[in-house]
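A structural walkthrough
As a plain string of letters, each chain reads:
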Amino acid sequence: MEVLDISTSERGGIAMARARLRPHDGGEPLELWYRFEGLEEPLDGMNEAVAAAMIVPCMLENEPLSLPGPLSPVFIANCVEAQRGLAGWYDDLQPITVKGPLGDAGTASPASGVIGCFSGGVDSWYSLLKHEARVTHLLLVRGFDVGLGNDILWRAARDSAAGVAGRLGKKLVTCETNLRDVADKRRSGWGKKYAGDFWGTRLHGAALASVALPLRRTIGELIVPATHSLAQIKPWGSSPQLDPLWSDGYIEITHDGCEADRVAKVRRLADSDVALATLRVCHADTSAINCGHCEKCIRTMLALRLCGALDRARTFPHPLPLSAVHALVVPPHQRHHYVALRDEARRIGDKEVLAAAEILLGDRLSAIQTTARLRQALRPTVVGHVVRMVKKMCGATKLAGGAPS
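Residues numbered from 1 in each chain as written. Predicted model: local features only at pLDDT ≥ 70, side-chain atom pairs only at ≥ 80, totals over all residues. Heavy atoms only, no water.

The final tally for this structure, using the stated rule, is five aromatic pairs. Here the aromatic rings of tyrosine 34 and phenylalanine 36 are separated by 6.3 Å at their centres, their planes lie at 5 degrees, and the arrangement is stacked. Take tyrosine 34 and phenylalanine 36: they sit in the same class, and that class is buried. A cation over an aromatic ring shows up here: lysine 185 above the ring of tryptophan 190, its NZ or CZ 3.6 Å from the ring centre. A cation sits over an aromatic face here: arginine 202 above tyrosine 90, 3.8 Å from the ring centre. (Phe/Tyr/Trp six-rings, centres within 6.5 Å; stacked < 30°, edge-to-face > 60°. Buried < 20%, exposed > 50% of the residue type's maximum accessible area, 1.4 Å probe, protein only. Lys NZ or Arg CZ within 6 Å of the ring centre and 35° of its normal.)

Shown next as structure tokens:
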């Protein structure tokens, strides 16, 4: 892939950056763009930012990446290590060459700001409370979990983050970007498609770095909240082994919070009225801050109940319906969360949550759970059968319509 050019502009407190990209398979150039608000200093380091965004998808395509402007030698050296780690985890990723003129070594004194990724969820709230004394800025991104077309949810998330920043004496930086639409190989229109979770397993740590690297005149450290505890560490797009390797020598990238599982993090949040009043965990791209019935909402509500804080968590639309929990089908990669919930429920003697966790883990029989699992197992088969029948009928109709009279 060739990055043809990168441009930046600033007007009315809004900083814009655009990059034109040309994949090696030809076609019209792609445009990658970023829109920032809340910055005190101009954008800088866009070459490293674009490289961080595109290295992982280029690894899937096995095509080199070339950039028009200078790259920090620290960033280039770190990218070699990051690619080696990713290729060691995933057979479909191959190390590539990153080409560009060398810039300076990033030896200037870093900016004093410390920015924390802040979606308003459990992980980001935990890291913010842990580092509240030194965090100066909060970073909220649109285009990752909040879709570019979802204005209602974006306004609610932005207003909530602005309120948090105001109450805690921090500065809010927002970024809107189409990075995921360009770089996530499950969504992008160039090269081969990816059937699985490219974003979660491979890309999102580099994407967070891409958004932060242009801020090096404002911040000297990015705090990336951990998804997994130390006991749960596995190959993942954001990890303590990988995140620091997207640094350019100007911004240190800290992967934070591995010492605590999700129940322990919720227990920390339970002491903060601000956190409980603004908690946003739902990854459903809906108009509500939390839908209250998806898997992530339900397990967070279970943890809040165990920590005695559910009745104070005002961003969930209804009380926890334990009967409905029994019908939830837990994805295999989320089972560790329910093990932690089961163990905590057993420790404090919450028999209802213990029963629910054991049912979801398959340790206790439930007709509702069995029916839900059967329904999920049959759904792809039924849908596939219907699709095949429709295609067969359409084919028969086409043949009949094309036959001579």
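Under the 1.5 Å per step criterion, the end-to-end length of helix H6 (residues 198-212) is 21 Å for 15 residues, consistent within 8% with the ideal 21 Å. The largest bend along H6 reaches roughly 55 degrees and is located at histidine 204. (Helix = DSSP H or I, 4+ residues; strand = E, 2+ residues; numbered from the N terminus. Expected span 1.5 Å × (residues − 1). Bend = angle between axes of the 7 residues up to and from the residue.)

Before going further, it helps to examine the confidence of the model for the chain. Overall, the predicted model of the chain reaches an average pLDDT of 91, with 93% of residues at or above 70. A low-confidence stretch, residues 382-387 stays under pLDDT 50, and its non-local contacts, those more than four residues away or across chains, total zero contacts. Note on residues 395-405: pLDDT is under 50 here. Beyond four places in sequence and across chains, it has zero contacts. (pLDDT = per-residue confidence, 0-100. Contact = heavy atoms within 4.5 Å.)

With a phi close to 55 degrees, asparagine 62 is a non-glycine residue in the positive phi region. Mapped onto the secondary structure, asparagine 62 falls in the loop between helix H1 (46-61) and strand S4 (65-66).

As a further point, take the side chain of aspartate 256. With respect to the element layout, aspartate 256 can be found in strand S10 (residues 252-256). There is a polar contact of 2.6 Å between the side chain of aspartate 256 and the side chain of serine 127. Of the polar contacts made by the side chain of aspartate 256, one reaches the side chain of histidine 131; its length is 2.8 Å. When residues no more than four places from it in sequence are discounted, the contact partners of aspartate 256 are Ser127, Lys130, His131, Ile223, Val224, Pro225 and Ala226. (Polar contact = N/O pair within 3.5 Å; in protein donor to acceptor, adjacent residues only side chain to side chain.)

Applying the stated criterion to the full structure yields 34 salt bridges. One salt bridge in this structure joins aspartate 92 and arginine 202, with 3.2 Å as the shortest N-O distance. With aspartate 92 in the loop between helix H2 (73-89) and strand S5 (98-99) and arginine 202 in helix H6, this pair connects stretches of sequence that are 110 residues apart. Overall, the relative accessible area of 26% leaves aspartate 92 in the partly exposed class. The exposure class of arginine 202 is buried, given its relative accessible area of 7%. We note a salt bridge from arginine 312 to aspartate 273, for which the minimum N-O separation is 3.5 Å. One end of the pair, arginine 312, is in the loop between helix H9 (295-306) and helix H10 (322-325); the other, aspartate 273, is in helix H8 (residues 273-278), and 39 residues separate them in sequence. With relative accessibility at 33%, the residue arginine 312 sits in the partly exposed group. Linked through salt bridges whose partners overlap, the residues forming this network are Arg342, Asp343, Arg346, Glu358, Asp363 and Arg364. (Salt bridge = Lys/Arg side-chain N within 4 Å of Asp/Glu carboxyl O.)

Along the polypeptide, leucine 65 turns up in strand S4. Linking leucine 65 and methionine 46, residues 19 residues apart in sequence, is a C-alpha distance of 15 Å. With residues up to four places along the chain from it excluded, the contact list for leucine 65 reads Met1, Val3, Ala51, Met54, Ile55, Cys58, Ile96, Thr97, Val98 and Lys99.

Of all six residues in strand S7 (residues 137-142), six are buried; the element is thus mostly enclosed. Burial along S7 is two-sided: His137, Leu139 and Val141 facing one way and Leu138, Leu140 and Arg142 facing the other are all buried. Taken together, strand S6 (residues 113-117), helix H3 (residues 122-130) and S7 constitute a β-α-β crossover, and its handedness is right-handed. Of the pairings in the sheet, the one linking S7 to strand S8 (residues 171-177) comprises six bridges and is parallel in character. Of the residues in S8, the one forming a bridge with arginine 142 is glutamate 176. Running through helix H4 (residues 151-168), the crossover from S7 to the neighbouring parallel element S8 is right-handed. (Right-handed = clockwise from strand over helix to strand, strands pointing away. Pairing = 2+ DSSP bridges.)

The subject of this paragraph is the pairing of strand S9 (residues 219-225). Of all seven residues that make up S9, seven are buried, and the element is covered over most of its length. As judged from the four bridges shared by S6 and S9, these two strands associate in the parallel manner. Residue glycine 113 lies in a different strand from S9, and its bridge partner there is isoleucine 219. Here S9 runs beside S10; their pairing, made up of five bridges, is parallel. Residue pairing in the sheet places valine 224 in a bridge with histidine 255 of S10.

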